[in-house]
Amino acid sequence: MTLVAGVDSSTQSCKVVIVDAATGELVRQGRAAHPVGTEVDPEAWWVALQEAISAAGGLDDVAAVSIGGQQHGMVVLDADGKVIRDALLWNDTRSADAAAQLAAEFPDIVERTGSRPVASFTATKLRWLRDAEPENAAQVAAVALPHDWLTWRLRGFGPGNAELAELTTDRSDASGTSYWNPHTGDYDRELLVAALGHDAILPRVLGPGESAGTLPGGPIVGPGAGDNAGAALGLGARDGDVVVSIGTSGTVFAVTGSPAGSETVAGFADASGLFLPLVATLNAARVLDAIAGLLGVDHDELGRLALTAEPGAGGLVLQPWFEGERTPNRPDATATLFGLTLATTTRESLARAAIEGMLCGLADGLDAVRAVGVDARRILLIGGAAQNPAVSRIAGQVFDVPVVVPEPGEYVARGAAVQAAWVATGERPDWSIPIADEPAADHRPVIREQYRARL
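These notes cover the structure that comes with them. (Residues numbered from 1 in each chain as written. Predicted model: local features only at pLDDT ≥ 70, side-chain atom pairs only at ≥ 80, totals over all residues. Heavy atoms only, no water.)

**Things to note about the pattern of salt bridges**
- Taken as a whole and judged by the stated rule, the model has 31 salt bridges.
- Where salt bridges share partners, they join D364, D367, R370, D400, R448 and R452 into one cluster. (Salt bridge = Lys/Arg side-chain N within 4 Å of Asp/Glu carboxyl O.)

**Digging into empty space enclosed by the protein**
- Within the structure shown, the criterion is met by four cavities of 30 Å³ or more.
- Here the largest cavity is characterised by a volume of approximately 80 Å³.
- If you trace the largest cavity, you find it lined by L233, G234, L235, G236, R238, R414, V418, R428, P429, D430, W431 and I433.
- Put simply, the parts of the chain that give the lining of the largest cavity at least two residues each are α9 (227–235) and α14 (411–425).
- By residue number, the principal contributor to the lining of the largest cavity is α9, which donates three residues.
- Classifying every residue of the lining of the largest cavity by side-chain character gives six nonpolar, two polar and four charged.
- Empty space within the second largest cavity amounts to approximately 60 Å³. (1 Å grid on protein atoms, 1.4 Å probe; cavity = no way out; pocket = protein on both sides within 12 Å on 5 of 7 lines; lining within 4 Å. Points joined across faces, edges and corners; volume = space filled by probe spheres on them. Helix = DSSP H or I, 4+ residues; strand = E, 2+ residues; numbered from the N terminus. Nonpolar A, V, L, I, M, F, W, Y, C, P; charged D, E, K, R; others polar.)

**Considerations on the sheet that holds strand β16 (residues 241–246)**
- Ordered in space as β18-β19-β17-β16-β22-β23-β24, the seven strands form an open sheet in which the pairing is mixed. Every other strand in the sheet has two partners, leaving β18 (266–269) and β24 (435–437) as the edge strands with one partner each. If you compare each strand with its neighbour and ignore which way they point, the axes differ by 35° on average.
- As paired strands, strand β17 (residues 250–254) and strand β19 (residues 275–281) are joined by four bridges and run antiparallel to one another. Residue F253 lies in a different strand from β19, and its bridge partner there is L278.
- Across the face of the sheet, helix α13 (residues 389–398) comes into contact with β16, β22 (378–382), β23 (403–406) and β24 while running at roughly 155° to β23. (Pairing = 2+ DSSP bridges. Axes fitted to C-alpha atoms, helices over the stretch in contact; angles between N-to-C directions. Contact = heavy atoms within 4.5 Å.)

**So, the packing of aromatic side chains**
- One pass over the full model with this rule turns up three aromatic pairs.
- Judged by centre distance (6.3 Å) and plane angle (20°), the rings of W152 and F157 are stacked. In this structure, W152 and F157 share a single accessibility class: buried.
- Consider the rings of Y179 and Y187, whose centres lie 6.3 Å apart with planes at 35°: the pair is tilted.
- Of note, R94 hangs over the ring of W128, and the distance from its end group to the ring centre comes to 4.9 Å. (Phe/Tyr/Trp six-rings, centres within 6.5 Å; stacked < 30°, edge-to-face > 60°. Buried < 20%, exposed > 50% of the residue type's maximum accessible area, 1.4 Å probe, protein only. Lys NZ or Arg CZ within 6 Å of the ring centre and 35° of its normal.)

Structure below.
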């Protein structure tokens, strides 16, 4: 049996899965927590990666390993390979003004990069660094993304062995920077300089199935991927599939054969050589956390309460922009509850409004990717919240196409394992995905109609 390892270095934790390269069957796994916050010392990711690898039994018997990770985070290195300041993560919105500046300075930026810059993207964080911390900006010799930096460290590089030219990335993560062109496959140095204030070393962009190198005396290292592209690989998403992921953030994305982006849709590349039009929301599973906490219940009880209320919650609408929002692009927004009456001020109605509001935001994302040409025939609903029966049932009422819930799994890490198997064998594997639930198609237009009326 040939074993391969996949890593998901996410916002909250690091997960490692070790699987059979032929079948994708899970053999063992490990995980370790990450610190909370929107800026983090990357060294914490490195420590967590080593802990998770150890918990998974190590890499001595694997043929290849690949790292998927949270997108967009800004890791800036000096000429000696040292991290200059804590990394700004995708969910740090302090660069919202910088995003607006770059969009105004480059009216053709969507054509050049596939996406309109928002506060999540790396270029906007570099512009913020240039303006807010010019001394730090002046030291920047190289810019990496979280999975780039971890791949580099895993290969034995870092302070004391600062081969910055050995930094690598992949198409999917490069396309989330706002200084890489998914149409041409080239970096846009003019945009990088406009953001940072000067040029810098950027990771070499690897193609699907291309090796980044090897570990010292160990396995081959795959190219890695951004988390959403990794999930698409792990799910085996094909034409007609739209993935809706309910995690720390919410995402809606599909695999397509040609670039597809707009002012609303990020025109990312995927990890298989195709493209990944994507819409992201900042407010997803934590909406449920907040309302469950307010009601003093766990997620299971929140779901039970929600299912006792009628679709539409009697007109109660939660616009769930608790931490600003990316889609629509309103970084300074706050959440609002509409339609409170004596009849709707109940625990049941609020629970239902929370789930409906979260899903309506994602349904708006589905509309956006359809508008750039995506043919949606099936929704693959993933993420921890998708396993709640109330969330999956209400999803069948909010979305107007069939919903399928795959079995719970670490699909980003599994996608990285697909990459590892790809570089180990020379062929992309085709592993089956078990299905946990197929909620009845029960579309209730009233839910979205009253939500849209509050936008």
